[in-house]
Amino acid sequence: MSSRAAGAVFTPRALAALGEVCDLAPPPALDDLTTDRARGVLAGVDLLVTGWGCPPLDAAALAAAPRLKAVVHAAGSVRGHVTDACWERGIEVSSAAAANALPVAEYTLAMILLHGKHVLERARDYRRDRTRSDWLSTPHEVGNYRRTVGVLSASLTGRRVIELLHPFDFEVLLYDPYVSRAEAADLGVEPVGLPELFARGDLVSIHTPLLPATRGLVSRELLTAMRPGAALVNTARGAVVDQDALTDVVRAGRIRAVLDVTDPEVLPADHPLWDCPNALITPHLAGSLGSEWERLADTAVGEVARWAAGTGFAHPVRRERLAFLA
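Parameters and conventions
Residues numbered from 1 in each chain as written. Predicted model: local features only at pLDDT ≥ 70, side-chain atom pairs only at ≥ 80, totals over all residues. Heavy atoms only, no water. Salt bridge = Lys/Arg side-chain N within 4 Å of Asp/Glu carboxyl O. Buried < 20%, exposed > 50% of the residue type's maximum accessible area, 1.4 Å probe, protein only. Helix = DSSP H or I, 4+ residues; strand = E, 2+ residues; numbered from the N terminus. Pairing = 2+ DSSP bridges. Axes fitted to C-alpha atoms, helices over the stretch in contact; angles between N-to-C directions. Parallel < 35°, antiparallel > 145°, perpendicular 65-115°, else oblique. Left-handed = near helix turned anticlockwise from the far one by under 90°. Contact = heavy atoms within 4.5 Å. Phe/Tyr/Trp six-rings, centres within 6.5 Å; stacked < 30°, edge-to-face > 60°. UniProt positions renumbered as here; feature names shortened; annotations may be inferred. Core = buried A, V, L, I, M, F, W, Y, C linked by side-chain atoms within 4.5 Å. Nonpolar A, V, L, I, M, F, W, Y, C, P; charged D, E, K, R; others polar.

### Thoughts on the pattern of salt bridges
Here is step 1 of the chain: If you walk through the whole model with that rule in mind, you get 17 salt bridges.
Here is step 2 of the chain: In this structure, Arg 124 and Asp 125 form a salt bridge, with 3.5 Å as the shortest nitrogen-oxygen distance.
Here is step 3 of the chain: Taking the relative accessible area as the measure of exposure, Arg 124 reaches 34% and is therefore partly exposed.
Here is step 4 of the chain: The class of Asp 125 is partly exposed, set by a relative accessible area of 25%.
Here is step 5 of the chain: When the shortest N-O distance is used, the salt bridge between Arg 200 and Glu 190 registers 3.0 Å. Placement of the pair is Arg 200 in helix α10 (residues 194–200) and Glu 190 in strand β6 (residues 190–191), with a sequence separation of 10 residues.

Here you go:
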């Protein structure tokens, strides 16, 4: 991983914990697998702990690591560094994607509740007028009681969002073509088609990974079918949404938007969404940050311990599931 990622995620406490379950190669972390030092380290490793900034584990890298049997990724997606050569060699792979999904789901829940109360608009008006509005004149469109939340994809994050929504008085819809009606019932959601998800939702939250089949999935047609004043929350990937169409419907005041990701990321400085009062744009902060990096490290340490003990990974990544994973 990059030296910055290593320093951020693996604190002295985490490194000490890791050193208790394996013989840990001395620092610094490898960020280039082609150097003499890297080749010397790789020659003796059975397992690699990877993170943000890991170079591809291609055939050349694997040739330098004849004993390598497993990769534990202390972050989410493994697409950037786990190559076909790893799968063909039968290397076991684990990811902390489940751990990284937790803060994303927490951010999503916070935004759902805040937007139900129209907090952004009401705070803006309060700052401007410096007086409390007539609260008994609040329209019934404001509030979180018996509102309909649509969840796009029962991914790791989507499932955690659904779980967090259970204590509240929401009707939760789900669109995921890979989830059966019986599984949807177990999740406590109503399975619906994609157009119905957008037409019925007071808020739609996107949790689908960016894959060839999902690029531009949230189309102009779906966005214009949303209820006036409905909200769209995107913590997945910006390119899942037709950015031009989203810009048009937000600028027209038809819907509100919470965008932790955009396409491109970052939006140009003169992009019209920056000045839309009904859009909140945050800098890709829903995922693990600050103290939450410790959860990624703890997950990685736990996976190394399980693998060393021969009990298998708790969070394995399977090659046959790559088509559905971020």
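Read on, since the account is not over.
### Focus: the pairing of strand β7 (residues 203–206)
Every other side chain in a regular strand lies on the same face of the sheet, so the side chains alternate between the two faces.
Here is step 1 of the chain: Because side chains alternate across β7, one face comprises the buried residues Leu 203 and Ser 205, and the other comprises Val 204 and Ile 206, equally buried.
Here is step 2 of the chain: In this structure, strand β4 (residues 147–152) lies alongside β7, joined through four bridges in parallel fashion. Opposite Val 151, over in β7, you have Ser 205 as the bridge partner.
Here is step 3 of the chain: Taken together, the four bridges between β7 and strand β8 (residues 231–234) define a ladder with parallel strand orientation.

### Comments concerning the packing of helix α6 (residues 97–116) against helix α13 (residues 293–309)
Here is step 1 of the chain: Direction vectors running N to C along α6 and α13 enclose 155 degrees, while the axes themselves pass 8 Å from each other. In terms of their interaxial angle, α6 and α13 are classed as roughly antiparallel. The handedness of the crossing between α6 and α13 comes out as right-handed. Touching Ala 99, Asn 100, Leu 102, Pro 103 and Glu 106 of α6 are Arg 295, Leu 296 and Thr 299, all from α13.

### Side note on the sheet that holds β7
Here is step 1 of the chain: Spatial ordering of the open sheet is given by β6-β5-β4-β7-β8-β9-β10, a layout of seven strands whose pairing is parallel. A single partner strand is all that each edge strand has here, and the edge strands are β6 and β10 (279–281).
Here is step 2 of the chain: Sheet analysis places β8 next to strand β9 (residues 256–259), joined by four bridges and oriented parallel. Residue Val 233 lies in a different strand from β9, and its bridge partner there is Val 258.

### Some remarks on the packing of aromatic side chains
Here is step 1 of the chain: Counting across every chain of the model gives one aromatic pair.
Here is step 2 of the chain: Ring plane angle 45 degrees and centroid distance 6.1 Å describe the contact between Phe 168 and Phe 170, whose orientation is recorded as tilted.

### Section: the UniProt feature "domain: D-isomer specific 2-hydroxyacid dehydrogenase catalytic" (unreviewed entry) in the protein chain
Here is step 1 of the chain: Per the UniProt record, "domain: D-isomer specific 2-hydroxyacid dehydrogenase catalytic" (unreviewed entry) is found at residues 41–313.
Here is step 2 of the chain: Between the C-alpha atoms that bound residues 41–313 there is a distance of 24 Å. The span itself is 36% helix and 15% strand.

### Considering the sheet that holds strand β1 (residues 47–50)
Paired through backbone hydrogen bonds, the strands of a sheet run either parallel or antiparallel to each other.
Here is step 1 of the chain: The strand order β1-β2-β3 describes an open sheet built from three strands, whose pairing is parallel. Of all strands in the sheet, those with a lone pairing partner are β1 and β3 (92–95), marking the two edges. The mean inter-strand angle of the sheet, taken between neighbouring strand axes irrespective of direction, is 15 degrees.
Here is step 2 of the chain: Here β1 pairs with strand β2 (residues 70–73) via four bridges, running parallel. Following the sheet pairing, Leu 47 is matched in β2 by Ala 70.

### Structural notes on the nonpolar core
Here is step 1 of the chain: Ranked by internal contacts, the top residues of the largest apolar core, which has 28 residues, are Phe 198, Leu 223, Leu 232, Leu 246 and Val 250.
Here is step 2 of the chain: Among the elements of the structure, α10, β7, α11 (220–224), α12 (243–251) and β9 are those that each provide at least two residues to this core.
Here is step 3 of the chain: Non-local contacts of Val 250, meaning those with residues more than four positions away in its chain, are made with Ile 255, Ala 257, Leu 273, Cys 276, Asn 278 and Ala 279.
Here is step 4 of the chain: Ranked by size, the runner-up nonpolar core spans 25 residues in total, among them Ala 105, Val 149, Leu 164 and Ala 184.

### Quick look at the packing of helix α2 (residues 12–21) against α13
Here is step 1 of the chain: Contact geometry for α2 and α13: axes closest at 9 Å, N-to-C directions at 5 degrees. Viewed along their axes, α2 and α13 adopt a mutual orientation that is roughly parallel. Counted together, Arg 13, Ala 14, Ala 17, Leu 18 and Val 21 of α2 and Glu 294, Ala 297, Asp 298, Val 301, Val 304, Ala 305 and Ala 308 of α13 form the full contact between these two elements.
Here is step 2 of the chain: Per-class residue counts for the contact of α2 with α13 are nine nonpolar, no polar and three charged.

### Description of unusual backbone geometry
Here is step 1 of the chain: Following Pro 27, the chain continues to Pro 28 via a peptide bond in cis, the omega torsion being 5 degrees.
Here is step 2 of the chain: The residue Pro 28 is located in the loop between α2 and α3 (36–42) in this model.
Here is step 3 of the chain: Following Glu 265, the chain continues to Val 266 via a peptide bond in cis, the omega torsion being 20 degrees.
Here is step 4 of the chain: Structurally, the position occupied by Val 266 is in the loop between β9 and β10.
Here is step 5 of the chain: Although it is not a glycine, Arg 130 sits at a positive phi angle of roughly 55 degrees.
Here is step 6 of the chain: Mapped onto the elements, Arg 130 comes out in the loop between α7 (119–129) and β4.
Here is step 7 of the chain: Overall, the relative accessible area of 68% leaves Arg 130 in the exposed class.

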